Amino acid sequence: MGRQNQKQRTRRFKWFKRKPKKADPYHLNEISDAGEDDGDDSMDDVEEVVSAEMDPCISTNELRIFVGTWNVAGRSPVGSLAVDLDEWLNLKDAADMYVLGFQEIVPLKARTVIGAEDPTEATNWNLLIGKTLNNKYGCPWLSPKFSQNISSDSYLLDTEMESSLSSRAKTPKKEWWRTQSEKLYWGSKYKLMASKKMVGVLISVWIRRELLRKYCISNVKVCSVACGIMGYLGNKGSVSVSMSIEGTSFCFVAAHLASGEKKGDEGRRNHQVSEIFKRTSFPRSPNDDDNPHPLTILGHDQIFWFGDLNYRLYLEDNLARHLIKKQDWRGLQEFDQLRREQEEGGVFQGWREGNIEFPPTYKYSSSNCNRYSGGGPNRSGEKPRTPAWCDRILWYGKGVKQLSYFRSESRFSDHRPVSALFSTQVEVTRSNPKAVAMQSILPANIMSPKNADLAKSDVEAASTLLSLMVKDMELPPTLIKSL
């Protein structure tokens with residue numbers, strides 16, 4: 001057993017001592033022997049250790065993101081809706097981030113579409129979401145000052161108030177801001193990161209409070225694209241949020257596309273998707289950090305597109321209802337317009353969506369009703385609508401894994417809310433703290449072994465350091481002598 005341990009320690013030291021054959025951009029720099037004299041072996045070993053310790057280490061951390069979409073049919077949120085929100089947000093399996101998209105938070109009438117933006121309904125929804133997320137854990141969450149701040153059509157978290165959004169250095173000024181922040185939001189588990197409203201479309205992004213200190217979150221931006229009536233009114237279109245979490249960029253697009261199941265309506269939806277891709281932009285601002293950030297949707301690492309996308313079924317009403325009655329979701333999806341747009345040549349080519357294993361989400365007869373509109377002889381006055389999966393969640397990019405995809409059963413509107421839980425990978429770059437200790441121990445010119453005038457005392461210091469490392473690794477005496 002002792003001989004086996006000795007062999008393991010010997011192999012460990014040989015790996016520790018040898019120079020890498022190939023550069024590893026994450027841990028070790030390639031060190032070339034070309035053009036250098038064979039000097040003291042201990043110096044070569046020290047050089048390798050220092051290079052390994054000084055390079056930044058890039059790792060990936062998991063971030064769980066909940067994405068949800070709900071067309072609320074122009075209805076204002078009420079207190080009793082908190083129960084429905086609780087079910088929709090699936091708080092029993094809480095996520096790190098909640099990204100919620102709403103459609104028709106106001107009735108789509110001429111006054112609301114053409115008139116000035118009224119932030120009242122967006123504020124009411126954000127207040128209810130915050131209360132639901134935070135009261136679940138018995139935490140008060142909003143002060144009057146904060147509720148005033150979110151009373152607008154656009155809201156971004158004050159990055160100066162959260163120390164993790166800039167440098168992690170604990171300066172007195174940043175500590176003061178942190179203290180004020182904690183006084184303002186004491187006890188809240190989730191914070192509103194960004195919110196943007198355009199007529200009836202709203203996006204609301206919430207993040208777990210401790211992640212604001214754990215990660216560097218930067219370049220938070222919002223954008224809206226109106227492409228409804230005449231191609232430029234806000235009854236249809238999108239609101240988007242862009243942000244970077246450490247080294248990974250995210251884009252969230254909440255959209256409401258053209259309705260209708262007549263011939264040509266799918267083409268209008270596809271055109272609006274193309275317009276949103278083309279017109280959504282996140283230009284640089286004076287408040288940005290020095291790191292480059294994506295300017296367009298497709299420039300991001302991970303993208304989530306969700307909303308009432310209004311894609312329908314290439315299927316007659318009675319056949320669709322027959323498949324729904326049989327719960328043949330796979331057979332029904334063969335006629336789904338959006339699935340075809342994800343194929344080659346479609347506007348969502350290359351985008352992904354989870355398996356749909358729930359009934360179509362639209363159109364239900366009325367609020368507080370669990371029956372699809374139309375479909376019977378005694379349904380006078382109801383608009384004939386073939387049931388369809390209008391409410392969808394797509395994603396694009398690497399490092400994304402969908403954990404669940406489901407609909408909730410709230411009867412608040414003629415749509416059923418849909419949600420998905422994702423596991424995403426975030427690149428985190430950290431400098432190894434051992435590098436600082438190494439630099440404080442080694443003389444400055446030890447870092448440059450090419451220096452021909454290296455002092456004898458420096459060589460002795462390096463040898464002493466190496467001997468301490470060898471002792472710590474418990475190498476056999478025979479191998480120590482070979483050094």
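Rules of the game
- Residues take numbers from 1 onward in each chain, read along the sequence in its written order.
- Local features in a predicted model are, by the rule used here, given only for residues with pLDDT of at least 70; side-chain atom pairs are given and counted only at 80 or more, and totals for whole chains, interfaces and linings are based on all residues.
- Neither water nor hydrogens contribute to the side-chain values; these are computed over all heavy atoms in the structure.
- Numbering goes from the N terminus for both helices and strands, where a helix is a DSSP run of H or I of at least four residues and a strand is a run of E of at least two.
- A helix is expected to span 1.5 Å for every residue after the first.
- Throughout, exposure labels follow a simple rule: accessible area from a 1.4 Å probe, protein chains only, divided by the maximum for the residue type, with under 20% read as buried, over 50% as exposed, and the rest as partly exposed.
- Only strands joined by at least two bridges in the DSSP assignment are considered to pair.
- Between N-to-C directions, angles cover 0 to 180 degrees, with each direction set by a line fitted to C-alpha atoms, over the stretch in contact for helices.
- Whether two residues are in contact is decided by their heavy atoms: any pair within 4.5 Å suffices.
- Read the arc as the range of directions from the helix axis to the C-beta atoms.
- Here, nonpolar core refers to any group of buried Ala, Val, Leu, Ile, Met, Phe, Trp, Tyr and Cys residues whose side-chain atoms link them within 4.5 Å.
- Within this document, salt bridges are pairs made up of a side-chain nitrogen of Lys or Arg and a carboxyl oxygen of Asp or Glu, the two lying within 4 Å of each other.
- Working definition: rings of Phe, Tyr and Trp (its six-membered ring) pair if their centres are within 6.5 Å, and the pair is stacked with planes under 30 degrees apart, edge-to-face with planes over 60 apart, and tilted otherwise.
- By the counting scheme adopted, Arg and Lys are positive, Glu and Asp are negative, and His together with the chain ends is not counted.

Per an unreviewed UniProt entry, the chain carries the name Type I inositol polyphosphate 5-phosphatase 4 and comes from Citrus sinensis.

Visitor: Just to check I follow, could you spell out helix α5 (residues 120-135) for this structure?
Guide: Residues lying three or four places apart along an α-helix face the same way, a consequence of the helix completing one turn every 3.6 residues. The terminal C-alpha atoms of α5, which comprises 16 residues, lie 22 Å apart, in line with the 22 Å expected from a rise of 1.5 Å per residue. The complete set of buried residues in α5 reads E121, A122, T123, W125, N126, L128, I129, G130, T132, L133 and N134.

Visitor: Which parts of the structure should I look at to understand the sheet that holds strand β5 (residues 201-208)?
Guide: Across a sheet, paired strands are connected by hydrogen bonds in the backbone, their directions being either parallel or antiparallel. Pairing is mixed in the open sheet, where seven strands are placed in the order β3-β4-β5-β2-β1-β12-β11. Looking at which strands have only one partner, the edges of the open sheet turn out to be β3 (154-156) and β11 (400-407). Adjacent strand axes in the sheet meet at a mean angle of 20° when their direction is disregarded. Looking at chain direction, strand β1 (residues 57-71) and strand β12 (residues 418-430) are connected through 13 bridges and run antiparallel. What sits directly across from R64, in β12, is S423. With respect to the sheet, helix α3 (residues 81-89) is in contact with β1, β2 (97-103), β11 and β12, its orientation differing from that of β1 by roughly 140°. Across the face of the sheet, α5 comes into contact with β2, β4 (190-198) and β5 while running at roughly 30° to β5.

Visitor: Would you explain helix α10 (residues 317-326) in this entry?
Guide: Taken residue by residue, α10 has A320, R321, L323 and I324 as its buried positions. What you see down the axis of α10 is that its buried residues fit within an arc of 160°, all on one side. What points out from α10, more than 90 degrees from its buried face, is the exposed set K325 and K326. Where α10 is buried, its residues meet α11 (329-333). Just beyond α10, the residue with positive phi is Q327, at close to 60°.

Visitor: Could you clarify how one ought to interpret the environment of G74 in this entry?
Guide: With respect to the helices, strands and loops of the structure, G74 is situated in the loop between β1 and α3. Judged by relative accessible area, G74 falls into the buried class, the value being 17%. Sequence separation between G74 and V106 is 32 residues, and the spatial gap between their C-alpha atoms is 4.3 Å. Excluding residues that lie within four positions of it along the chain, G74 makes contacts with E104, I105, V106 and P107.

Visitor: What's the story with the nonpolar core in this structure? I'm lost.
Guide: Soluble globular proteins: nonpolar side chains tend toward being buried together. The biggest cluster of nonpolar side chains holds 80 residues, and the ones touching the most others in it are M97, F102 and M243. Apart from residues no more than four positions distant in its own chain, F102 is found in contact with W70, V72, W88, W125, I129, G200, V201 and L202.

Visitor: Explain the pattern of salt bridges to me, please; I cannot follow it from the model alone.
Guide: Pairs can form between side chains of opposite charge whenever their charged atoms are close. According to the stated counting rule, one finds 16 salt bridges in the structure shown. When the shortest N-O distance is used, the salt bridge between R208 and D96 registers 3.4 Å. Residue R208 is located in strand β5, and its partner D96 is located in the loop between α3 and β2; the two are separated by 112 residues in the primary sequence. The partner of E275 in a salt bridge is R279, and the shortest N-O contact between them spans 3.2 Å.

Visitor: Could you clarify how one ought to interpret the sheet that holds strand β10 (residues 391-397) in this entry?
Guide: One open sheet accounts for five strands, arranged β6-β7-β8-β9-β10; its pairing is mixed. Of all strands in the sheet, those bounded by a partner on one side alone are β6 (217-226) and β10. Neighbouring strand axes in the sheet, compared pairwise and without regard to direction, differ in orientation by 10° on average. Along the sheet, helix α9 (residues 265-279) contacts β6, β7 (237-245), β8 (248-256) and β9 (302-308); its crossing angle with β6, the most-contacted strand, is approximately 140°.

Visitor: Looking at this structure, I do not really get the packing of aromatic side chains. What am I missing?
Guide: Each pair of aromatic rings is reported with the distance of its centres and the angle of its planes. Under the criterion given, the structure shown has 22 aromatic pairs. When the ring of F66 is compared with that of Y98, the centres are 5.0 Å apart and the planes differ by 40°; the resulting orientation is tilted. Placement of F66 in strand β1 and of Y98 in strand β2 is noted, with a sequence separation of 32 residues between them. Arranged with centres 6.1 Å apart and planes meeting at 10°, the rings of F250 and F252 form a pair that is stacked.

Visitor: Teacher, can you tell me more about the pairing of β1 here?
Guide: On a regular strand, each side chain points to the face opposite its neighbour's, so the side chains alternate between the two faces of the sheet. Where β1 and β2 come together, seven bridges link them in parallel fashion. From the neighbouring strand, I65 faces β2, where its bridge partner is M97.

Visitor: For this particular structure, what's the right way to read the side chain of E266?
Guide: The residue E266 is located in helix α9 in this model. One buried charged residue, E266, remains without a salt bridge, the closest side chain of opposite sign being R269 at 6.0 Å. Other than its neighbours up to four places away in sequence, E266 contacts Y311, Y314, Q337 and E341.

Visitor: In this structure, what is going on with unusual backbone geometry? I would like to understand it.
Guide: Note: most peptide bonds trans; most residues except glycine with negative phi. With an omega of 0°, the peptide bond between Y362 and K363 qualifies as cis. Mapped onto the elements of the fold, K363 is located in the loop between α12 (337-341) and β10. Of note in this structure, A73 is not a glycine but carries a positive phi near 60°. Topologically, A73 is positioned in the loop between β1 and α3. A relative accessible area of 31% places A73 in the partly exposed class. The phi dihedral of N219 falls on the positive side, at around 50°, and the residue is not glycine. Residue position: N219 is located in strand β6.

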